[in-house]
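A look at the structure
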Amino acid sequence: MNILVIEDSPMQAKIAQQMMAKVSSAHQVDIADCCDAAREKILGMQYDIILVDFGLPDGNGLELTRELRDSGVTSYMYALSGNFDTVPLEDRKAAGLDGGCRKPFSFDKAEEVVRSYRDAIGQK
């Protein structure tokens, strides 16, 4: 399993990276600190799960999600944002998000991401 964490806060990114590695047995958990870095990483790797923050220094994570979906990215996309609750469900779904939660990220939330992903692909 390959995971990408798109998060501009170095501390939040590292926490999410470590938690996702622990609960998923991922082969690789990468970090991108902005939209441009995320685009670059996605060009070079097929990610199973992408965690995306809404507030990024060079763009909006929700718009990035829409852009990635429009370009054919089929990864499981999960929002991880302090602003998660302020974006209507219809807008999140229209952008192509598969799920999401409000920060701070926790071990329980990491487990939920992996469980939701496995449910979505029919894996136990």
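These lines cover the structure that appears in this document, whether it is placed above or below. Keep in mind that this is a model prediction, so the values were computed, not measured. (Residues numbered from 1 in each chain as written. Predicted model: local features only at pLDDT ≥ 70, side-chain atom pairs only at ≥ 80, totals over all residues. Heavy atoms only, no water.)

Time to look at the pairing of strand S2 (residues 28-32). Across 5 bridges, strand S1 (residues 2-6) lies against S2 in parallel orientation. Residue pairing across strands places leucine 4 opposite aspartate 30, the latter belonging to S2. Traced from S1 through helix H1 (residues 10-24) to S2, the parallel crossover comes out right-handed. (Pairing = 2+ DSSP bridges. Helix = DSSP H or I, 4+ residues; strand = E, 2+ residues; numbered from the N terminus. Right-handed = clockwise from strand over helix to strand, strands pointing away.)

Further remarks concern the packing of helix H2 (residues 35-44) against helix H3 (residues 61-70). Taken N-terminus to C-terminus, the directions of H2 and H3 make an angle of 25°; their axes are 11 Å apart at the nearest point. When the interaxial angle is binned, H2 and H3 end up roughly parallel. Helix-helix and strand crossings are classified by hand; for H2 and H3 the assignment is right-handed. Here Cys35, Ala38, Arg39 and Ile42 of H2 lie close against H3, whose contacting residues are Leu64, Glu67 and Leu68. Across the contact of H2 with H3, the residue classes tally to 5 nonpolar, no polar and 2 charged. (Axes fitted to C-alpha atoms, helices over the stretch in contact; angles between N-to-C directions. Parallel < 35°, antiparallel > 145°, perpendicular 65-115°, else oblique. Left-handed = near helix turned anticlockwise from the far one by under 90°. Contact = heavy atoms within 4.5 Å. Nonpolar A, V, L, I, M, F, W, Y, C, P; charged D, E, K, R; others polar.)

Our focus in this paragraph is the environment of isoleucine 121. With respect to the helices and strands, isoleucine 121 occurs in helix H5 (residues 107-121). For isoleucine 121, a relative accessible area of 47% corresponds to the partly exposed category. When the C-alpha atoms of isoleucine 121 and isoleucine 31 are compared, they prove to be 23 Å apart, with 90 residues separating the residues in sequence. (Buried < 20%, exposed > 50% of the residue type's maximum accessible area, 1.4 Å probe, protein only.)

Bringing the packing of aromatic side chains into the picture now. For the structure on display, the rule yields 3 aromatic pairs. Ring plane angle 25° and centroid distance 6.4 Å describe the contact between phenylalanine 54 and phenylalanine 84, whose orientation is recorded as stacked. Taken together, the positions of phenylalanine 54 in the loop between strand S3 (49-52) and strand S4 (55-56) and phenylalanine 84 in the loop between strand S6 (76-81) and helix H4 (89-95) put the pair 30 residues apart, joining distant regions of the chain. The pair formed by phenylalanine 54 and phenylalanine 84 is uniform in burial state, with each residue classed as buried. With centroids separated by 5.9 Å and ring planes inclined at 70°, the aromatic side chains of tyrosine 76 and tyrosine 117 adopt a geometry described as edge-to-face. Here the residue tyrosine 76 occupies a position in strand S6, and tyrosine 117 occupies one in helix H5, the gap between them amounting to 41 residues. Three or more aromatic residues link up through ring pairs in this structure, and these residues are Tyr76, Tyr78 and Tyr117. One cation-aromatic arrangement involves arginine 92 over phenylalanine 84; the distance from NZ or CZ to the ring centre is 4.1 Å. (Phe/Tyr/Trp six-rings, centres within 6.5 Å; stacked < 30°, edge-to-face > 60°. Lys NZ or Arg CZ within 6 Å of the ring centre and 35° of its normal.)

Here we have 5 strands laid out as an open sheet, ordered S2-S1-S3-S6-S7, and parallel in their pairing. Either end of the sheet is taken by a strand with one partner, and the two such strands are S2 and strand S7 (99-102). Geometrically, the sheet is characterised by an average inter-axis angle of 15° between neighbouring strands, direction not taken into account. Sitting on the sheet, H1 is in contact with S1, S2, S3 and S6, with an inclination near 165° to S2.

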